[in-house]
Amino acid sequence: MSHFSLFPLAWLKVNTRNLTTSNCRYTYLILFIKFNVVYNSASLMFMVQPFGQVPAFQDDDITLFESRAICRYIAEKYANKGTTGLYGTNPLVKASIDQWLEAESQSFNPPSSILTFQLVFAPRMKLKQDEALIKQNEAKLVKVLDVYENRLGSSRYLAGDEFTMADLSHLPNTQFLVEKTDRAELFTSRKNVGRWWTEISTRPSWKKVVEMQNV
Ligand SMILES: N[C@@H](CCC(=O)N[C@@H](CS)C(=O)NCC(=O)O)C(=O)O
């Protein structure tokens with residue numbers, strides 16, 4: 001049993017919860033924080049995240065930022081708990097996971113996060129959508145998903161035959177695009193990507209996260 005804190009949205013704490021995930025089987029404290037709050041460089045958020053962004057993470061006296069670094073740390077520290085091998089058990093598997101984590105960060109995330117913002121959050125925030133940006137990034141995402149389609153035709157998951165952090169890191173943006181926009185077909189119309197998406201998004205731990213987001 002371990003306690004750590006995640007600061008997922010902004011700096012102002014509005015509510016705290018204790019959760020146990022079926023994926024990791026440890027209890028953590030997560031702070032749900034109101035977004036869009038005016039904050040300044042003296043705020044709690046800048047004390048734990050130098051760019052004033054989210055997420056930020058504390059475990060004992062360690063404070064970390066950058067979501068993928070946080071995930072790597074948690075996966076290493078709790079390597080023997082819950083789903084084992086999330087971050088690999090030997091250097092070659094680890095390298096393959098890192099390769100696809102980088103692909104997510106460098107190739108998948110840029111267009112998918114722009115589309116998520118433009119298609120999901122801009123309307124919620126009553127901001128005008130940028131149609132040219134949407135078109136441009138949809139085209140970029142198509143190219144990335146063509147590569148994924150090919151890869152997932154020869155392996156069950158991105159880094160091989162086991163579910164790893166490489167797959168996990170694709171969950172948030174894909175969840176938004178598939179469930180909250182009319183662009184689901186970008187994923188579901190591709191045989192291998194669609195099969196992969198169904199597999200990773202129906203894992204009990206992810207369903208629990210989605211459930212929490214809808215609370
Ligand atoms: N590369 C960072 C990205 C952090 C990031 O862009 N966070 C956004 C929310 S997803 C944020 O805090 N935006 C508010 C801001 O920049 O003021 C990570 O993966 O942790």
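Residues numbered from 1 in each chain as written. Predicted model: local features only at pLDDT ≥ 70, side-chain atom pairs only at ≥ 80, totals over all residues.

### Topic: the overall build of the protein chain
Next, step 1: Counting its regular elements, the protein chain contains 9 helices and 5 strands.
Next, step 2: Listed by position from the N terminus, the elements making up the protein chain come as β-β-β-α-β-β-α-α-α-α-α-α-α-α.
Next, step 3: The long-range share in the protein chain, meaning contacts at least 24 apart out of those at least 6 apart in sequence, stands at 62%. (Helix = DSSP H or I, 4+ residues; strand = E, 2+ residues; numbered from the N terminus. Contact = placed C-beta atoms within 7 Å.)

### Points about the site of the ligand
Next, step 1: Gly52, Gln53, Val54, Pro55, Glu66 and Ser67 make up every residue found near the ligand.
Next, step 2: Partitioning the shell around the ligand into residue classes produces 2 nonpolar, 3 polar and 1 charged. (Near = placed C-beta within 6 Å. Nonpolar A, V, L, I, M, F, W, Y, C, P; charged D, E, K, R; others polar.)

### Some words on the packing of helix H4 (residues 131–154) against helix H8 (residues 191–201)
Next, step 1: Interaxial distance between H4 and H8 falls to 7 Å at its minimum, and their mutual angle equals 75 degrees. As judged from the angle between their axes, H4 and H8 are roughly perpendicular. Residue-level inspection shows Leu145, Tyr148, Glu149, Leu152 and Gly153 of H4 in contact with H8, the latter providing Asn192, Val193 and Trp196.
Next, step 2: For the contact of H4 with H8, a count of residues per class yields 5 nonpolar, 2 polar and 1 charged. (Axes fitted to C-alpha atoms, helices over the stretch in contact; angles between N-to-C directions. Parallel < 35°, antiparallel > 145°, perpendicular 65-115°, else oblique.)

### Concerning unusual backbone geometry
Next, step 1: With a phi angle near 50 degrees, Asp60 is a residue other than glycine that sits in the positive phi range.
Next, step 2: Summarising the element assignment, Asp60 is placed in the loop between strand S4 (56–59) and strand S5 (62–65).
Next, step 3: Overall, the presence of 8 C-beta atoms within 10 Å leaves Asp60 in the exposed class.
Next, step 4: In the Ramachandran plot, Lys126 falls in the positive-phi region, its phi being about 55 degrees despite a non-glycine side chain.
Next, step 5: Considering the arrangement of structural elements, one finds Lys126 in the loop between helix H3 (91–124) and H4. (Buried ≥ 20, exposed ≤ 12 C-beta atoms within 10 Å, placed from the backbone.)

### Examining helix H6 (residues 171–180)
Next, step 1: Taken together, the buried positions of H6 are Asn173, Thr174, Phe176 and Leu177. The buried residues of H6 all sit within an arc of 160 degrees when viewed along its axis, so they share a single face.
Next, step 2: Structurally, H6 contributes buried residues whose contacts are with H3, helix H7 (185–188) and H8. (Arc of directions from axis to C-beta.)

### Points about the confidence of the model for the protein chain
Should the pLDDT be low somewhere, the predicted coordinates at that spot are not to be read in detail.
Next, step 1: Of all residues in the protein chain, 78% attain a pLDDT of 70 or more, and the chain-wide mean is 83.
Next, step 2: Here residues 7–27 is a poorly scored stretch, pLDDT under 50, and it has 70 contacts once near neighbours within four places are set aside; other chains count.
Next, step 3: Overall, residues 33–39 carries pLDDT values under 50, and its contacts beyond four positions in sequence, including any with other chains, amount to 21 contacts. (pLDDT = per-residue confidence, 0-100.)

### Structural notes on the environment of Ser96
Next, step 1: One can find Ser96 in helix H3.
Next, step 2: Looking at Ser96, the number of C-beta atoms within 10 Å reads 17, which means it is partly exposed.
Next, step 3: In this view, Ser96 contacts Ala159 and Gly160; residues no more than four positions away in its chain are not counted.

### Here's the deal with the environment of Asn137
Next, step 1: You can see Asn137 is positioned in helix H4.
Next, step 2: Overall, Asn137 belongs to the buried group, with 21 C-beta atoms counted inside 10 Å.
Next, step 3: Sequence separation of Asn137 and Ser112 is 25 residues, and the distance between their C-alpha atoms is 7.4 Å.

### Considerations on the packing of H3 against H4
Next, step 1: For the pair H3 and H4, interaxial distance at closest approach is 9 Å and the crossing angle is 145 degrees. Here H3 runs over H4; the crossing is left-handed. Note on element contacts: H4 touches H3 through Leu133, Ile134, Asn137, Glu138, Lys140, Leu141 and Val144, opposite Ser107, Phe108, Pro111, Ser112, Ile114, Leu115, Gln118 and Leu119.
Next, step 2: Residues belonging to the contact of H3 with H4 are distributed by class as follows: 9 nonpolar, 4 polar and 2 charged. (Left-handed = near helix turned anticlockwise from the far one by under 90°.)

### Focus: the pairing of S5
Next, step 1: Examined bridge by bridge, S4 and S5 share 4 bridges and lie antiparallel to one another. Following the sheet pairing, Asp59 is matched in S5 by Ile62. (Pairing = 2+ DSSP bridges.)

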